[in-house]
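# Summary of structural features
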Amino acid sequence: MDLSYTPDEQAFRAEVRSWLETHVPKTPLASFDTEAGFEQHREWEKTLASGNWGMVTWPEAYGGRGCNLIEWLIFEEEYYRAGAPGRVNQNGIFLLGPTLMEYGTPEQKARYLTKMASGEEIWAQGWSEPGAGSDMAAIRSTARREGDEYVINGQKIWSTRAVYADWVFCIFRTDPDSERHKGLSFIFVPLDAPGVTVRPIRQLDGLPGFAEIFFDDVRVPADNLLGDEGQGWRIAMATAGFERGLMLRSPARYKNTAKRLLELYRSRDNDILDLSIEDAVVRCYLDAEAYALSTYQTASRLVAGGSIGAEASCNKIFWSELDVLMHETALRLLGPQAELIDADQPPEAQGWQDGFLFSLAGPIYAGSNEIQRNIIAERMLGMPRA
Amino acid sequence: MDLSYTPDEQAFRAEVRSWLETHVPKTPLASFDTEAGFEQHREWEKTLASGNWGMVTWPEAYGGRGCNLIEWLIFEEEYYRAGAPGRVNQNGIFLLGPTLMEYGTPEQKARYLTKMASGEEIWAQGWSEPGAGSDMAAIRSTARREGDEYVINGQKIWSTRAVYADWVFCIFRTDPDSERHKGLSFIFVPLDAPGVTVRPIRQLDGLPGFAEIFFDDVRVPADNLLGDEGQGWRIAMATAGFERGLMLRSPARYKNTAKRLLELYRSRDNDILDLSIEDAVVRCYLDAEAYALSTYQTASRLVAGGSIGAEASCNKIFWSELDVLMHETALRLLGPQAELIDADQPPEAQGWQDGFLFSLAGPIYAGSNEIQRNIIAERMLGMPRA
Amino acid sequence: MDFSFSEEQLEFHNAVASMLRNEVTPERIRARWDTESGADAEVEKQIAEMGIPIMLVPEEQGGLGLTAVDIVLIAEAAGQVALPESIINDALVCAPLLAELALDNERCAQLLPQLLAGKIRLGVGHLINPYINFGADRDWFILPQGDEVHLVARDEVMLTPVGSVDPSRRLVRVDWTASEKSCVASGNYGAKLWRAALNRGALGAAAQLAGLAQGMIERAVNYSMDREQFGKAIGSFQAVKHLMADCATRLEFARPPLYRSAYTVSVAAERADYAISHAKVATGEAALLAARNAMQVHGAMGYTWECDLQIWMKHAWALDKAWGDAGFHKNRVHQWLLREGALTGPEYSFGRQDEELSYA
Amino acid sequence: MDFSFSEEQLEFHNAVASMLRNEVTPERIRARWDTESGADAEVEKQIAEMGIPIMLVPEEQGGLGLTAVDIVLIAEAAGQVALPESIINDALVCAPLLAELALDNERCAQLLPQLLAGKIRLGVGHLINPYINFGADRDWFILPQGDEVHLVARDEVMLTPVGSVDPSRRLVRVDWTASEKSCVASGNYGAKLWRAALNRGALGAAAQLAGLAQGMIERAVNYSMDREQFGKAIGSFQAVKHLMADCATRLEFARPPLYRSAYTVSVAAERADYAISHAKVATGEAALLAARNAMQVHGAMGYTWECDLQIWMKHAWALDKAWGDAGFHKNRVHQWLLREGALTGPEYSFGRQDEELSYA
């Protein structure tokens, strides 16, 4: 155990910091759930790519830097420290990317990863179907093989970023006689293909953060299949593992929120009447730090060749509940001012209401926390299935 | 709505207070889970009975005073205010008593209620069997009718007060071919009957607060049947309703604990470092008061001819969690001193550790809180059974 | 001692609740969102016809002479349908305050009949609320300057709209200048009026929060029975049941303090601080928990603009922090509990009886 | 940056954990309860043979020269079997404190070899703990008087046993009188020693609390699979699963702060306050939650004297409040977080790197 950074790691941090100081936009970008904001964020992805910062853990051949996970954590810390924009391509780089790395053919990797890292192609994810939700095995949309093509019919829902993205990755039923987890395949679909209709879904904040996608005899080349036909469930589970795991929920994000919460608390120090607010602020900070420490521990294990297990479900519960708690605590600190929209808030109070709405999705998506508790009990603790 | 006491109610309160001031023992009695303490408590029951205070809501003919529930609440408030001893006969007066009143024959009422109110006969309850727990329909102990007698075989467990009590009321399977809720009957058994063996079970505090009871061809008169043969489940459910409901958990008890908690908090005011302890103390007090107000509301409804419904399950959850929280909070206030046994505690710190152990049983007995939540969801909110 | 509502109270509640269920639908609330005023004239008319805005004004001044106990169930019913809130404030805060002032101020006495007749609208500012909801459509304002109470006309103030997360609300910031002429009460009398206004405002918010909690529980339970996952209704999963049971339990024990506080305001308004603060804390918690758990039960659906749950949730978030947030009210309780001679024993759930429900 | 234990550390942990599982059974713990000393000589001998009590004493003074990182997993294993605690304190607090004092005090230097040889036993009092556990069998005591450190012999103190809810503990109150002669350190140096002792003591308690939590989760999970109700194992009910999943999650995120605090004590003991307090708060919460939920899963069975769960629960309740309760430690964190210049950004999870893990 050595909890100090090596000279190389420190040099890497310095390089990231210096590059970000020069390149991070001085004024915040518009939300990537608006058309203009989406394009601003795409531009930012291209800027990142220009410095080879698109996805530092990927091989250089695909636009990365071959960094290990500890370096990735350092990159993320500096990224949040710098207040850099959110990653509009997170479905691609954090979810599909690692999956492609494991299951993709060399051609697929070269084709997709490179354009992903460069910000040229932004990805949506298409996990859920109406009536399926956390039950991925209930998928009914089909992809029928016809010669060198798949013909796709059906519907996806809760597809994040789909409104403005270029591509979506989905699971379809390729064996029409199959049931539940069998006969599913993992397929890429360009969102401008004939027969694709995207219907935006407005979120709690009024912006279209996700969409329904309708497929009506959509034809894609058979090359768009990832892995083998019928292997879709297994690949999706691996992807979901990345999602639950550390990539998509960088500890730096929560540490940064906890830091902002402390600042907000200090700024209101003299008016606080709430008898338990100090305790909540302290708890939030400690939990954010515990999540960071835990991630470093996991990263150390992975760097040494270990793997992620069912304890990743603990992560999902922990960060999602922490995120809600931090925002609830901030709103308590803001008191009657909490309900104001950002445009009418003073600077130190901005972002909390939006962040709160966003945090409420945490315990729901990527497998609801109820499902995660089942997984922990059954797979980590070995309790019997119902 | 009139939340002031009538002159009659005030006079009643004054009468209770004055009697208790004269009669409540100056030194605390020993625990009724010890032999000596049990007899001291039996004596106290007799003293209560001498003033007709055994169970004020019962008719005068059975040793009561014909009071309504509001007066009962007043009595309880004064009882706890006076620091009077715990009721060793609570299984009798609060559980069996109301059940007998509803299902007993005139002879049974005269025979049992009178001696219950007088403290002559102390009752144990025999709900559970090994392997049954909250699932009362899994009962296997049998009572076989032979002429004018029942012949009882089997085993009960978690029988409170059974170690020193005189009688136990139980449910037995009277129809050997029956399943689940059917074919059960409600029967009284004297604990000194031949064939009855009582094996004390030590609690967390080391004292035998409950017992196993073994029945080996125990013969009791058929008159000991309450209600009709086969009606046991229904009667037991009614009894359990009283248990969950307001009788057994007098709000005065929680208000009194909350008051003591406030006093403990005041006595430590200057050393408190814990950032959330004020909040916990305030919450405890308000919840104890909410429970009291709720009970007055229910009592008002019952006095006006209404009935108790599934919301009684809310009561059970609320008082049991409140009781744990109050004691946990007190132990937090006591800090490193919390672990000491009462004999080594200063006066203001006494009772909290014992009370904490006792409070842990609350969310478990009388139908675990998990079962209560199911009941609330299914019967009060109308959600579907699994 | 009788902790129950009268037949008349229950009947009036039923009539109002039934009207509200019919008239205040999610569709009609959404229709208001796109309007500048945020109002629904038809609903306001029906509510006015039922006399709700003037319930608390004494009969001798032209009102109905009813009490907070009479109106608390009405306010709860308003919360249950997530009625965009102005009427409850109008009835509980604005009208009684003007009526009280009218007893010994000529300008107020002249205004009161116009208010009762529905010819003018009155907005009340209070130091505890930084903004006034539905302030833009008011003709007159009663505003605080320290303990002073001022009456000013619409053209003497500057109103700036500010946006709320709850699209049903229409907040305005009021900028104005106090003058000797505008002052209608001051000193201890002014302080007493402001304290009473706060308690009545908090009572209205608390009652609506209880109703909102009930509304969210109902919506989530219904959703859980329709929605299937893993081949069965999600409402049959124990985890979902327990989320709802926890909400129901919190609400069950928030209502008695709510009704007690209404009674206390009615019979001893000047000593109602403690009872009101208990009610506001308890109902706020119940509503926030209901919002959180209802959202969780709804899953991704609850996160959409289309889902009506947001109407209730956002309203609950706003009201939880209106008329004193949980911090303010818990602190008031804390002060009360810790002061010398506080009545905290089991025998004092309703205060000292010889002083008629005193928490002083 | 490498947040993992070495092969050697893991192997040593496995050897100790395996020995403890075999030797420290519930039966043997219960057997101690009826004895006055509460000791188990056989277990103590085996632990001594493995060198645990002298792990943290520098090699040049005759110890093993190991660090807190080497011992933290051992202390956790001790908690997992609910080892009646004295050895962990002996190793983490008593031996290192005497060794430090021995560097510049003659009396201490004479005692140290005897302690290392197991010929004497040393008890350490600390202002944060009102009593000394297993104090009755000590030959020497190190005791506080303000910042002063005093060394006194058994016959110079008066010991009064006090009862603990945990029958595994043997608390004594120590009455004594400080003298110039008994003083072995004072002033800033004394204060530094007491602060280090507190942090090492809290580390030992925190590690045991993590182990206790793990032990209680295991017991409850096993019970839930054996015990049937309504025709199936109670462990298959979602409500029971979720009780256990919540415990597992809390514990999962208590361990990283625990290990970080062990490392911090090892490399920069004088600046470990914040890391130690985080570890103690997090493990204490995990253990209390595990006790509560394990009790609930055990039902009435958990409430009996016969059920072994009580061995873990009572130990956890006691240790949660030893070496600083949650209030003390949360407050220390609070002070740290709020001071001018606290390093709180995402880049500071391991402190300022140019000062080697500083939280100062």
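## A few points about the sheet that holds strand β5 (residues 158–162) of chain D
Either a parallel or an antiparallel arrangement is found when strands of a sheet pair, and the pairing is made through backbone hydrogen bonds. Residue and element names in this part refer to chain D. Strand order in the open sheet formed by three strands is β2-β6-β5, with antiparallel pairing between adjacent strands. Either end of the sheet is taken by a strand with one partner, and the two such strands are β2 (132–133) and β5. By the bridge criterion, two bridges tie β2 to strand β6 (residues 171–175) in an arrangement that is antiparallel. Across the sheet, Asn133 pairs through a bridge with Leu171, a residue of β6.

## With respect to unusual backbone geometry
A positive phi angle, near 60°, is found at Asn52 of chain B, a position not held by glycine. In this structure, Asn52 of chain B sits in the loop between α2 (35–50) and α3 (69–81). Assessed through its relative accessible area of 37%, Asn52 of chain B is described here as partly exposed. We note that Phe134 of chain D has phi near 55°; this positive angle belongs to a residue other than glycine. The residue Phe134 of chain D is located in the loop between β2 and β3 (140–145) in this model. You can call Phe134 of chain D buried: its relative accessible area is 5%.

## As for the interface of chain A and chain D
The partner chain D presents 50 residues to the 56 residues of chain A that form the contact. Regarding the contact of chain A and chain D, the summed buried area is about 5000 Å², with carbon and sulfur atoms giving 64% of it. Per-residue buried area on chain A facing chain D is highest for Met1, Leu3 and Leu293 of chain A; these three make up 18% of the total on that side. For the pair chain A and chain D, the interface holds seven salt bridges. For Arg81 of chain A, the salt bridge goes to Glu347 of chain D, with nearest N and O atoms at 2.9 Å. The interface formed by chain A and chain D holds 24 residue pairs in polar contact (both at pLDDT 80 or more) in total. For the side of chain A that touches chain D, the secondary structure elements donating two or more residues are α1 (7–23), α3 (69–81), α7 (251–267), α8 (277–303), α9 (312–334) and α11 (369–380) of chain A. For the side of chain A that touches chain D, the leading source of residues is α8 of chain A, giving 16 residues. In terms of residue class, the side of chain A that touches chain D is built from 26 nonpolar, ten polar and 20 charged.

## A word on the packing of helix α4 (residues 90–103) of chain B against helix α5 (residues 106–117) of chain B
All names here are of chain B. Close contact between α4 and α5 brings their axes to 10 Å; oriented N to C, the two are set at 165°. Our classification of the angle between α4 and α5 gives roughly antiparallel. By crossing handedness, the relation of α4 to α5 is classed as left-handed. Contact residues: α4 offers Gly92, Ile93, Leu96, Gly97, Leu100 and Met101, while α5 offers Gln108, Lys109, Tyr112, Leu113 and Met116. Taken together, the residues that form the contact of α4 with α5 break down as seven nonpolar, three polar and one charged.

## Let's talk about the relation of the copies chain D and chain C
Each copy of the sequence occupies a distinct position, and chain D is placed on chain C by a rotation of 180° and an axial shift of 0.0 Å, giving an RMSD of 0.0 Å. Put plainly, the chains are arranged around a two-fold axis. A shared interface surface links the copies, since 100% of the contact residues of chain D are contact residues in chain C too.

## Some remarks on helix α10 (residues 352–361) of chain A
In an α-helix, one turn spans 3.6 residues; hence positions three or four apart end up facing the same way. Counting buried positions along α10 of chain A gives eight out of ten residues, so the element sits mostly inside the fold. For α10 of chain A, the set of buried residues is Trp352, Gln353, Gly355, Phe356, Leu357, Ser359, Leu360 and Ala361 of chain A. Looking at the buried residues of α10 of chain A, the elements they touch are α7 and α9 of chain A together with α10 (273–298) and α11 (309–320) of chain C.

## Observations regarding the interface of chain D and chain C
Of the residues lining the interface, four residues belong to chain D; the matching set on chain C comes to four residues. Each partner contributes to the roughly 300 Å² buried at the junction of chain D and chain C, and carbon and sulfur atoms together form 54% of this total. The interface formed by chain D and chain C contains zero salt bridges. The interface formed by chain D and chain C holds three residue pairs in polar contact (both at pLDDT 80 or more) in total.

## So, the pattern of salt bridges
Under the defined criterion, the tally for this structure stands at 97 salt bridges over all chains. Between Asp323 of chain A and Arg253 of chain A there is a salt bridge, with the nearest N and O atoms lying 3.1 Å from each other. Here Arg253 of chain A lies in helix α7 and Asp323 of chain A lies in helix α9, a separation of 70 residues in the sequence. Comparing Asp323 of chain A with Arg253 of chain A shows no difference in burial state: the two are buried. The salt bridge involving Lys46 of chain B is made with Glu43 of chain B; its shortest N-O contact spans 4.0 Å. Residue Lys46 of chain B and its partner Glu43 of chain B are located together in helix α2, separated by three residues, close to a single helical turn. Through salt bridges with shared partners, one network takes in Glu44, Asp90, Arg121, Asp137 and Arg138 of chain C.

## Section: the pairing of strand β3 (residues 149–160) of chain B
Residue and element names in this part refer to chain B. Relative to β3, strand β2 (residues 142–146) runs antiparallel, the two sharing five bridges. Across the sheet, the residue bridging to Thr142 is Asn153, located in β3. The hairpin formed by β2 and β3 contains two residues between the paired strands, and Gly147 there has a positive phi angle of roughly 60°. Here β3 pairs with strand β7 (residues 210–221) via nine bridges, running antiparallel. Within the sheet, the bridge partner assigned to Ser159 lies in β7 and is Ala211.

## Observations regarding the packing of α3 of chain B against helix α7 (residues 251–267) of chain B
Residue and element names in this part refer to chain B. α7 packs onto α3 with a crossing angle of 35° between their chain directions and a minimal axis gap of 8 Å. α7 is crossed by α3, and the crossing has right-handed handedness. On α7, the residues touching Leu73, Glu76, Glu77 and Tyr80 of α3 are Pro251, Ala252, Arg253 and Asn256. The residue makeup of the contact of α3 with α7, split by class, is four nonpolar, one polar and three charged.

## Digging into the environment of Ser261 of chain C
Within the element layout of this structure, Ser261 of chain C appears in helix α9 (residues 255–268). Look at Ser261 of chain C and you get buried, because its relative accessible area is 0%.

## Some details on the domain arrangement of chain A
Frequently, the measure chosen for interface size is the accessible area that the parts lose on association. All names here are of chain A. Entries for chain A in the domain assignment read domain 1 (7–88), domain 2 (123–230) and domain 3 (249–380). The gap between the C-alpha centroids of domain 1 and domain 2 is 29 Å. Counting residues at the interface gives eight residues for domain 1, matched by eight residues for domain 2. Counting the surface lost from both domain 1 and domain 2, the interface buries some 730 Å², and carbon and sulfur atoms represent 55% of this. It is Asp33, Phe38 and Arg42 in domain 1 that bury the most area against domain 2; as a group they hold 63% of the surface buried on that side. The interface formed by domain 1 and domain 2 contains two salt bridges. The closest approach of N and O atoms between Asp166 and Arg42, which form a salt bridge, is 2.9 Å. At the surface where domain 1 touches domain 2, the tally comes to three residue pairs in polar contact (both at pLDDT 80 or more). Each residue belonging to the side of domain 1 that touches domain 2 can be placed in one class, and the counts come to three nonpolar, two polar and three charged.

## Some points on the sheet that holds strand β1 (residues 122–124) of chain D
Residue and element names in this part refer to chain D. Taking strand neighbours across the sheet as the criterion, the four strands line up as β1-β3-β4-β7 in an open arrangement whose pairing is mixed. One side of each edge strand has no neighbouring strand; the edge strands of this open sheet are β1 and β7 (183–185). Sheet twist, expressed as the mean angle between neighbouring strand axes with direction ignored, is 30°. Where strand β4 (residues 148–153) lies against β7, two bridges are found, and the strand directions are antiparallel. Its bridge partner lying in β7, Val149 is registered against Ala185. Sheet strands in contact with helix α5 (residues 87–102) are β1, β3, β4 and β7, and its direction is about 95° off that of β1. Helix-sheet contacts for helix α7 (residues 187–226) involve β1, β3, β4 and β7, and the interaxial angle to β4 is about 75°.

## Here's the deal with the confidence of the model for chain C
Averaged over all residues, the pLDDT of chain C equals 95, while 98% of them reach at least 70. Here the predicted complex carries an ipTM of 0.95, next to a pTM of 0.96.

## Things to note about the state of the cysteines
Residue and element names in this part refer to chain D. By the definition in use, this model includes zero disulfides over all chains. Unpaired in terms of disulfides, Cys108 finds its nearest cysteine sulfur in Cys183, a separation of 10 Å. By relative accessible area, which is 0% here, Cys108 ends up buried. Cys307 forms no disulfide, and the closest cysteine sulfur to it belongs to Cys247, at a distance of 15 Å. Owing to a relative accessible area of 10%, Cys307 belongs among the buried residues under this scheme.

Rules of the game
- Residues numbered from 1 in each chain as written.
- Chains lettered and ligands numbered in written order.
- Predicted model: local features only at pLDDT ≥ 70, side-chain atom pairs only at ≥ 80, totals over all residues.
- Heavy atoms only, no water.
- Pairing = 2+ DSSP bridges.
- Helix = DSSP H or I, 4+ residues; strand = E, 2+ residues; numbered from the N terminus.
- Buried < 20%, exposed > 50% of the residue type's maximum accessible area, 1.4 Å probe, protein only.
- Contact = heavy atoms within 4.5 Å.
- Buried area = accessible area lost by both parts, 1.4 Å probe.
- Salt bridge = Lys/Arg side-chain N within 4 Å of Asp/Glu carboxyl O.
- Polar contact = N/O pair within 3.5 Å; in protein donor to acceptor, adjacent residues only side chain to side chain.
- Nonpolar A, V, L, I, M, F, W, Y, C, P; charged D, E, K, R; others polar.
- Axes fitted to C-alpha atoms, helices over the stretch in contact; angles between N-to-C directions.
- Parallel < 35°, antiparallel > 145°, perpendicular 65-115°, else oblique.
- Left-handed = near helix turned anticlockwise from the far one by under 90°.
- Least-squares fit on C-alpha atoms with pLDDT ≥ 70 in both.
- Domains from an automatic or database assignment.
- pLDDT = per-residue confidence, 0-100.
- Disulfide = S-S within 2.5 Å.

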